[in-house]
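# Descriptive structure summary
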Amino acid sequence: MNATPDYLDLRNACSFLLLFTPEELNIIATILSIIIAKPLTIEEQVVVGSFLTALADNILLIAAQLDLLQSAIDEQKELENKTKDKQELDDIKKELKELKDLINKSLIKE
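Model, not experiment: these values are computed from the prediction.

A few words on the layout of surface pockets. Taken as a whole, the largest pocket spans an internal volume of roughly 640 Å³. Broken down by secondary-structure element, the contributors of at least two residues to the lining of the largest pocket are helix H1 (7–14), helix H2 (22–37) and helix H3 (42–109). Sorting elements by how many residues they give to the lining of the largest pocket places H3 first, with eight residues. Of the residues in the lining of the largest pocket, the class split is 14 nonpolar, three polar and one charged.

All right, on to the pattern of salt bridges then. Enumeration over the complete set of coordinates arrives at three salt bridges. Between Asp90 and Lys86 there is a salt bridge, with its nearest N and O atoms 3.1 Å apart. Here Lys86 and Asp90 lie together in helix H3, a separation of four residues that amounts to about one turn. Between Lys97 and Asp101 there is a salt bridge, and its shortest N-O distance comes to 3.1 Å. Placement of both Lys97 and Asp101 in helix H3 is noted, with a separation of four residues, approximately one turn of the helix. When its relative accessible area of 32% is taken as the criterion, Asp101 is described as partly exposed.

The rules we used
Residues numbered from 1 in each chain as written. Predicted model: local features only at pLDDT ≥ 70, side-chain atom pairs only at ≥ 80, totals over all residues. Heavy atoms only, no water. 1 Å grid on protein atoms, 1.4 Å probe; cavity = no way out; pocket = protein on both sides within 12 Å on 5 of 7 lines; lining within 4 Å. Points joined across faces, edges and corners; volume = space filled by probe spheres on them. Helix = DSSP H or I, 4+ residues; strand = E, 2+ residues; numbered from the N terminus. Nonpolar A, V, L, I, M, F, W, Y, C, P; charged D, E, K, R; others polar. Salt bridge = Lys/Arg side-chain N within 4 Å of Asp/Glu carboxyl O. Buried < 20%, exposed > 50% of the residue type's maximum accessible area, 1.4 Å probe, protein only.

Written out as structure tokens, the structure reads:
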């Protein structure tokens, strides 16, 4: 038995959210909020609401950090590619100069 949670299952379970438009998700959230809040006291509503807000904030923080890290990785790869391209261009220029020198030497000998 696997002791670690299977995050892929949770992702698959949440994929149903892709079936809805942003407006429909807003309506669903409103309906669920009413259903959850109705049997609770005001104090319980505050606690549940604060908990769900903290949960949402943490999910957004994780997503923002992952996006930032991915952007940094992409920028680093782009910089590495530019450096590699510049090195290849410098190598080609060097080879071209060597060929020109070789042609000039052979023309002088003739």
